[in-house]
Every structure is written in structure tokens, then in C-alpha cells.
Amino acid sequence: MGSILVVLLPFLAFLIQAILGKRGKSGNVSLIAILLSTILSLIFVFAEVWKSTPISADYNWFTIGTHTFTIGVLLNNLTVLMQLIVCVIALPVHIYSRTYMKGDPGIHRYWMYLSLFCFSMLGLTISNNLLMMYIFWELVGFASYLLIGFWFTKESAVQANKKAFIINRIGDLGFLLGIASVYSIYGSLNLVELFGKEGLVSTLPQATAGWMTFTGICFFVGAMAKSAQFPLHVWLPDAMEGPTAVSSLIHAATMVAAGVFLISTVFPLFNETVLLFITIIGTLTALLSAYFALSQKDIKRILAFSTISQLGYMVVAVGGWSLGCCDVSPSHPCFL
């Protein structure tokens, strides 16, 4: 129940800010909500992290023929830590925004969009199945679109959020194809059922190597767009057209890490070919983005390319198994 509250508090703040309209320009509701979420997420870290058994709860959502789809919550080492990271970064951004955005005529919209983003990102981290994760994945992209184009009277901001929206749709299509492929192979989208100690990925015969390569690359394409990996990195420098506080929250710390979170979640699906591809893309991104940063004059674009470069290192760390850097179990370590 507490983990659901961490997610619902920003959503309640979003609803209240929407109802208050221009009367909610102080942002107190959003600030209090993220403060409480941060406190609760800290409690969960001390209570749950390093436990060997994940906590998962399922609820039937809808049924199509013989296929039943669920929504639910998953708490394991990875999700609890990611949830804490989102809250710890979002809290000082909310505090800073009170002064930075003071006097802006659209401040009430700013707080509303910011709460929507925090709800979406926190929901993504604790989703216990791929379909639910995809829904929050799209909500994160939508909230980012709103925040990038917050100053919609500027032509550069409008073009930037269009660019981010379109490029991320490429990645979203890859993610969706990956979900469809996994369901066709294993008949389940539940993360524990797929990647647990006795999960389907480790116990059932997999599809052909070519099909598994296709599935893995589809998921990685989704991660490439969200985490701005070459060649789908071009949206992130332009996305700095949004308020600086927004850039620090979603384009340098949390949303762009969602792609790395995704490939960390589904990495047992990746065979050696996919892992090698991941390593190559991550390496190219890390080196080229650092080089591009040297030619920039705008400090925010320099930081954007630096962010892309650091994300490349994270991606290399995940794909490094293909080079024999570490020994990975066919089951996800968070479920062992």
C-alpha cells in the first residue's frame, strides 16, 4: 500500500493543481506531495532493499478471449532504488522551481505538468508487467512533451518538443513490438513470471536465435530513444529549450535513465548478438557525444551532450557481458 501511495501522491497533486488552476501558482501542493513521496521511498529502501524475495501484487485489468491482462506493483532491489532516485532528484527541483519560476504567467501549468511527470516516472519504476510499464512509459513522454514546450510562444520551444515527441515515437514503436514478441513467445508479460528464479525465460525453450535477436533489439530501440543513444540522441540537446529546472529533472537525471532502467529490467532476454549491439551503440554514444560537447557554446547544450555521453557509459555497462566482462544468470538477479 505504501508503494502505491508514493506514486499516487504526485497524481493527487496533479489533480488538485488542475482544479485550482491559476490559484495554485504557489506550488505548495506539488511540493508537499513529492516531499511525502520521498520520505516514504526512503522508508522502503531501508525496509526492502537487499531482500532476496521481491514483493509483487497483481490485479485483473481486462480480458480478451482467453487472454487476461493485469496491473500490479513490483518491489525489488532495482525498482525500490530507482523510485528513491526519482524522488530524491525531484524534491530539490521542486524547491528550486519555487524561486526560479516565480512570476511566470504559466506557473500553475508548470506545477501541474511537473506533478504529472513525477507520477508517470514513479509508476514506471514499480510496474510489475511490461504492458503497464509501457503505459507509464508513454505518460512520461507526454509529460516531457508538455514541459519541453512549456514556453509555447517561443518557436524554438515548439520545434524542440515536436522533435522530442517524434523521435521518441520511434523508440515507443520498438518497445511495443518487443512486448508483442515476448507475449507471442512466452504468453505472459509479468516480470516475475518472466524473469524470476523459475521464470519462463530460464525454464521454457526460447524461440529461434533470430527471433530473440529481433525481440532484444526492439526493446533496445525503445531504450535508445528514451535514453538518447546514437543515432536517436538528437532530440535531447534541443529539449533544453524547456525551463532549466525541467532540464535538470527529466533530461539530465530521471526520464533519460528510463531507457537504462528498461534494458536492466529485461536483460535476460538479450542474447550475445543483442548485447554486442548494445555495447557498440553505447560506446559510440559515449565518445561522439563527448566530442560534440567540445564544439558547443551554450552551457545547457554542453550539459545535454555530457548527459548523453554518461548515459552511453551506463548502456555499455549493461551490454558489457557480451565482451565477457561479467557472468549473468539467465534469471534476473533482483528475483533470485
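Notes on the structure follow.

Cut-offs and rules
Residues numbered from 1 in each chain as written. Predicted model: local features only at pLDDT ≥ 70, side-chain atom pairs only at ≥ 80, totals over all residues. Heavy atoms only, no water. Helix = DSSP H or I, 4+ residues; strand = E, 2+ residues; numbered from the N terminus. Rg over C-alpha atoms; globule rule 2.2 N^0.38 Å. Buried < 20%, exposed > 50% of the residue type's maximum accessible area, 1.4 Å probe, protein only. Pairing = 2+ DSSP bridges. Axes fitted to C-alpha atoms, helices over the stretch in contact; angles between N-to-C directions. Parallel < 35°, antiparallel > 145°, perpendicular 65-115°, else oblique. Left-handed = near helix turned anticlockwise from the far one by under 90°. Contact = heavy atoms within 4.5 Å. Nonpolar A, V, L, I, M, F, W, Y, C, P; charged D, E, K, R; others polar. Phe/Tyr/Trp six-rings, centres within 6.5 Å; stacked < 30°, edge-to-face > 60°. Lys NZ or Arg CZ within 6 Å of the ring centre and 35° of its normal. Expected span 1.5 Å × (residues − 1). Salt bridge = Lys/Arg side-chain N within 4 Å of Asp/Glu carboxyl O. Disulfide = S-S within 2.5 Å.

## Digging into the overall build of the protein
Right, so step 1: Each helix and strand in the protein was counted, giving 14 helices and two strands.
Right, so step 2: Its C-alpha atoms give the protein a radius of gyration of 20 Å, within 12% of the compact-globule value 20 Å for 336 residues.
Right, so step 3: Expressed along its principal axes, the backbone C-alpha trace of the protein runs to roughly 60 × 50 × 40 Å.
Right, so step 4: The proportion of buried residues among the 336 residues of the protein is 55%.

## What to know about the pairing of strand 2 (residues 67–75)
The side chains of a regular strand alternate between both faces of the sheet.
Right, so step 1: With nine bridges joining them, strand 1 (residues 55–64) and strand 2 adopt antiparallel strand pairing. Opposite Thr63, over in strand 2, you have Thr68 as the bridge partner.
Right, so step 2: Between strand 1 and strand 2, which pair antiparallel in sequence order, lie two residues; one of them, Gly65, sits at a positive phi of approximately 65°.

## Quick notes on the packing of helix 13 (residues 272–293) against helix 14 (residues 299–319)
Right, so step 1: Relative orientation of the contacting elements helix 13 and helix 14 amounts to 160°, with a least axis distance of 7 Å. Relative to helix 14, helix 13 is oriented roughly antiparallel. Note that helix 13 runs across helix 14; the crossing there is left-handed. When helix 13 is examined against helix 14, the residues Leu275, Ile278, Thr279, Gly282, Thr283, Thr285, Ala286, Ser289, Ala290, Phe292 and Ala293 are found in contact with a partner set consisting of Ile302, Phe305, Ile308, Ser309, Gly312, Tyr313, Val315, Val316, Val318 and Gly319.
Right, so step 2: The class makeup of the residues in the contact of helix 13 with helix 14 is 13 nonpolar, eight polar and no charged.

## Description of the environment of Ala290
Right, so step 1: For Ala290, the position within the fold is in helix 13.
Right, so step 2: For the pair formed by Ala290 and Leu303, sequence separation is 13 residues and the distance between their alpha carbons is 10.0 Å.

## Regarding the packing of aromatic side chains
Right, so step 1: Per the stated rule, a full pass over the model turns up 19 aromatic pairs.
Right, so step 2: A network of ring pairs unites the aromatic residues Tyr110, Trp111, Tyr113, Phe150 and Trp151 as a single cluster.
Right, so step 3: The ring centre of Phe165 lies 4.3 Å from the NZ or CZ of Arg169, which sits over that ring.

## As for helix 14
Right, so step 1: Across its 21 residues, helix 14 extends 30 Å between first and last C-alpha, which sits within 8% of the 30 Å expected from 1.5 Å per residue.
Right, so step 2: Listing the buried residues of helix 14 in full gives Lys300, Ala304, Phe305, Thr307, Ile308, Ser309, Leu311, Gly312, Val315, Val318 and Gly319.
Right, so step 3: Buried residues in helix 14 make contact with helix 9 (209–226), helix 10 (235–238), helix 11 (244–250), helix 12 (258–266) and helix 13.

## Overview of the packing of helix 4 (residues 107–126) against helix 5 (residues 130–148)
Right, so step 1: Between helix 4 and helix 5, the shortest axis-to-axis distance is 8 Å and the interhelical angle comes to 155°. Classified by the angle between their axes, helix 4 and helix 5 sit roughly antiparallel to one another. In this structure, helix 4 meets helix 5 at a crossing whose hand is left-handed. Mapping the contact onto sequence places Tyr110, Tyr113, Leu114, Leu116, Phe117, Phe119, Ser120, Met121, Gly123 and Leu124 in helix 4 and Met133, Phe136, Trp137, Leu139, Val140, Phe142, Ala143, Leu146 and Leu147 in helix 5.
Right, so step 2: Residue classes in the contact of helix 4 with helix 5 are distributed as 17 nonpolar, two polar and no charged.

## Regarding the pattern of salt bridges
Right, so step 1: Tallied over the full model, the rule gives five salt bridges.
Right, so step 2: For Glu241, the salt bridge is made with Lys154, and the minimal N-O distance between the two is 3.2 Å. Of this pair, Glu241 sits in the loop between helix 10 and helix 11 while Lys154 sits in the loop between helix 5 and helix 6 (155–186), and the two are 87 residues apart along the sequence.
Right, so step 3: Given a relative accessible area of 26%, Glu241 falls into the partly exposed group.
Right, so step 4: The partly exposed category is assigned to Lys154, whose relative accessible area is 35%.
Right, so step 5: Through salt bridges that share partners, Glu138, Arg169 and Asp172 make up one connected network.

## Overview of the environment of Lys162
Right, so step 1: On the secondary structure map, Lys162 appears in helix 6.
Right, so step 2: Considering only alpha carbons, one finds Lys162 and Phe195, 33 residues apart in sequence, at a separation of 36 Å.

## What about helix 13?
Right, so step 1: Taking 1.5 Å as the rise per residue, helix 13 with 22 residues should run 32 Å; its terminal C-alpha atoms sit 31 Å apart, in good agreement.
Right, so step 2: Among the residues making up helix 13, those that are buried are Val274, Leu275, Ile278, Thr279, Ile281, Gly282, Thr285, Ala286, Ser289 and Ala293.
Right, so step 3: In the core, the buried residues of helix 13 are packed alongside helix 9 and helix 14.

## Looking at the state of the cysteines
By definition, a disulfide is the covalent link that joins the sulfur atoms of two cysteine residues.
Right, so step 1: Counted by the stated rule, this structure contains zero disulfides.
Right, so step 2: The thiol sulfur of Cys87 is not disulfide-bonded, and the nearest other cysteine sulfur, from Cys118, lies at 7.6 Å.

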